[in-house]
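# Coordinate inspection notes
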Amino acid sequence: MVIQLKKFGTTLTSRSFGQEAFSAFKPSLQDVADDESIIVDFNGVNTFSPSWGDEFISPLMEIYKERFLIKKTKNPSVIETLLLLEEIHGFSFNYID
Amino acid sequence: MDKLLNITQASEMLGISPDTLRRWDEKGKIKSIRIKRGEYEYRYYNQDEISQLLIDKDIFKTAKDWAASLEPDSPLSFYYCPNVSVFNGRLTKLETALMKNSKFFPVSSLLVLMAGEIGNNSFDHNLGNWPDVPGVYFAYNLNKRVIVLADRGQGILKTLSRAKPDLVSHEEALKTAFTEFISGRIPEKRGNGLKLVKRIILKHNFKLYFQTGNAFFNLKGGDTELDIKTGKEYYQGCIAKIEF
């Protein structure tokens, strides 16, 4: 399953909006097969911040662990935020091209 | 044709009374356009001129005056975000304005990230507990390369004490907010976003002034640590100025 974050907005900065996004999206995760990867695509996102990311990305990482993959991006706000989330939670994201 | 505002609309936009606006008109600070309707002549104002007046204001001084006021009112409507939705709408406007100008590439997303973290923090930690005026003052001037945010919330000491009850001073609370990872998720979620704000300021040679209570710091690229000081001015909430 590929999650295109731009479908949640292009400015992903608020904790409450991150919570809302995860709650709304959670039912879709029921369709994920046991061996299926979850790929997050930041293409089209302008700004991404730790508050939003901690409500959406962190729980997905906690559920899917090594099956959770992130498409590489050059957006500085995405890069810096993902580094911070790794530091806070002590996990390492797996990246794909 | 330029958009015209009536005196009520123009004074609301500026956050002043219609009488003050009439006085400004008489002194020539901003000229009205008189339009006769029936027996009477009414004053109208060019919206672009009003907007320019707002841009030319010292947005940092305005924020400080509002944040420190003992008789608080809502700040200038143009800068006032009474709730998180209005704030995020204005944040998107900032993002659009930054992205239109190539000189802000590639750091525009980092500037929006920092303003978003500071402003959203105000809402996240004060929801339902605003001591007087709810919401955030949020202003920017891209020509002067400055972003200002302020709130009249409970301040970092009070909100952070819920996760870390041993904190006793504004100085300690400010240091903790910008340097320590708070892992406790109960009773209040902490985003740790201010740590990232600090990191971005240092890495990209920006400047940040931040104050809560009587504790403040001025941080700039090249600094090795937060030099937190206590001052005479006191803000119950938080006030921040980002220069880039």
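The residue count restarts for each chain, going from 1 along the sequence in the order it is written. Working convention: letters from A go to chains and numbers from 1 go to ligands, in the order in which they are written. Note on the predicted model: pLDDT of at least 70 is required for a residue's local features to be given, and 80 or more for side-chain atom pairs to be given and counted; whole-chain, interface and lining totals, by contrast, use all residues. Excluding hydrogens and water, the side-chain figures rest on all heavy atoms present in the structure.

The next thing to look at is the overall build of chain B. The secondary structure listing takes helices from DSSP runs of H or I that are at least 4 residues long and strands from runs of E that are at least 2 residues long, numbered from the N terminus. Counting its regular elements, chain B contains nine helices and eight strands. When the backbone C-alpha atoms are referred to their principal axes, chain B occupies close to 70 × 40 × 30 Å. Asp and Glu are treated as the negative residues and Lys and Arg as the positive ones, with His and the ends of the chain left uncounted. In plain terms, the charge of a residue is placed at NZ if it is Lys, CZ if Arg, CG if Asp and CD if Glu. Both charge centroids of chain B, one from 36 positive and one from 29 negative side chains, sit 3 Å from each other.

Structurally, Asn121 of chain B is set in helix α6 (residues 108-126). The exposure class assigned to Asn121 of chain B is buried, which follows from its relative accessible area of 16%. For every residue, the accessible area (1.4 Å probe, protein chains only) is compared with the maximum for its type, and the residue is labelled buried under 20%, exposed over 50%, or partly exposed between those bounds.

On to the interface of chain A and chain B, then. Interface extent is often summarised as the accessible area lost during association of the parts. Contacts between residues were defined by any pair of non-hydrogen atoms, one from each residue, lying within 4.5 Å. Each side of the interface is counted separately: chain A has 24 residues, and chain B has 27 residues. Buried area is a sum: the accessible area each of two parts loses on coming together, probed at 1.4 Å, counted once for each and added. Summing the contributions of chain A and of chain B, the shared interface buries around 2100 Å²; its carbon and sulfur component is 53%. If you sort the residues of chain A by the area they bury against chain B, Arg15, Glu80 and Leu84 of chain A come out on top, with a joint share of 26%. Salt-bridge detection follows one rule: a side-chain nitrogen of Lys or Arg within 4 Å of a carboxyl oxygen of Asp or Glu. Viewed at the interface, chain B and chain A are joined by two salt bridges. Its salt-bridge partner being Lys203 of chain B, residue Glu80 of chain A comes within 2.5 Å of it at the nearest N-O pair. Side-chain atoms alone can form a polar contact between residues adjacent in sequence; in general such a contact is a pair of N or O atoms within 3.5 Å, and within protein one must be able to donate a hydrogen while the other accepts it. Here chain A and chain B share 11 residue pairs in polar contact (both at pLDDT 80 or more) between them. At the level of secondary structure, the elements contributing two or more residues to the side of chain A that touches chain B comprise α1 (15-25), β4 (47-48), α2 (50-64) and α3 (76-89) of chain A. At seven residues, the largest contribution of residues to the side of chain A that touches chain B is made by α3 of chain A. Residue composition of the side of chain A that touches chain B, by class: six nonpolar, 13 polar and five charged. Residue polarity follows a fixed list, in which Ala, Val, Leu, Ile, Met, Phe, Trp, Tyr, Cys and Pro are nonpolar, Asp, Glu, Lys and Arg are charged, and the others, Gly among them, are polar.

All names here are of chain B. Helix axes are fitted only over the stretch in contact, all axes being lines through C-alpha atoms; the angle between N-to-C directions runs from 0 to 180 degrees. Direction vectors running N to C along α6 and helix α9 (residues 193-203) enclose 145°, while the axes themselves pass 10 Å from each other. Considering the relative orientation of α6 and α9, their crossing is left-handed. Residues Leu110, Leu113, Met114, Glu117, Ile118 and Asn121 of α6 pack against Gly193, Leu194, Leu196, Val197, Ile200 and Ile201 of α9. Of the residues assigned to the contact of α6 with α9, the class counts are nine nonpolar, two polar and one charged. In a left-handed crossing the near helix is turned counterclockwise from the far helix by less than a right angle, and in a right-handed crossing that turn is clockwise.

Okay, the pairing of strand β5 (residues 136-141) of chain B next. Residues and elements named next belong to chain B. Burial of β5 is extensive: six of the six residues sit out of reach of the surface. Where burial is concerned, the two faces of β5 agree: the one with Val136, Phe138 and Tyr140 and the one with Tyr137, Ala139 and Asn141 are both buried. In short, DSSP must find at least two bridges between two strands for them to pair. Sheet topology note: the strand β4 (residues 80-81)/β5 ladder contains two bridges and is antiparallel. Each residue of the ladder has a partner; that of Tyr80, found in β5, is Tyr137. Bridging between β5 and strand β6 (residues 146-151) involves six bridges; their strand directions are antiparallel. Pairing of Asn141 across the sheet is with Val146, part of β6.

Glancing now at the confidence of the model for chain B. Low pLDDT marks stretches whose predicted atomic positions should not be read closely. Residues and elements named next belong to chain B. For chain B, the mean per-residue pLDDT works out to 90, and 94% of the residues sit at or above 70. When the elements of chain B are averaged for pLDDT, helix α3 (residues 47-56) gives the smallest value, 80, and strand β7 (residues 207-220) the largest, 98. For this predicted complex, the interface score ipTM comes out at 0.94, alongside a pTM of 0.86. On a range of 0 to 100, pLDDT expresses the predictor's confidence in each residue.

Residues and elements named next belong to chain A. Taken in spatial order, the four strands line up as β1-β3-β5-β6 in an open sheet, and their pairing is parallel. Among the strands making up the open sheet, the edge pair consists of β1 (2-4) and β6 (94-96). Looking at each pair of strands side by side, their axes are set apart by 30° on average, direction ignored. The pairing of β1 with strand β3 (residues 38-41) spans three bridges and is parallel. By the bridge assignment, Gln4 is partnered in β3 with Asp41.

Residues and elements named next belong to chain B. Taken as a whole and judged by the stated rule, the model has 16 salt bridges over all chains. A salt bridge links Asp65 to Lys61, with the nearest nitrogen and oxygen atoms 2.8 Å apart. In this pair, Asp65 and Lys61 are both assigned in helix α4 (residues 59-68), four residues apart and thus about one turn of the helix distant. Arg152 is paired through a salt bridge with Asp132; the nearest N and O atoms lie 2.8 Å apart. Separated by 20 residues along the polypeptide, Arg152 in the loop between β6 and α7 (155-160) and Asp132 in the loop between α6 and β5 bring together distant segments of the chain. In this structure Asp132 comes out as partly exposed when scored by relative accessible area, which is 31%. Ionic contacts of the salt-bridge type, sharing partners, join the residues Asp25, Glu26, Lys31, Arg34, Glu41 and Arg43 into one network.

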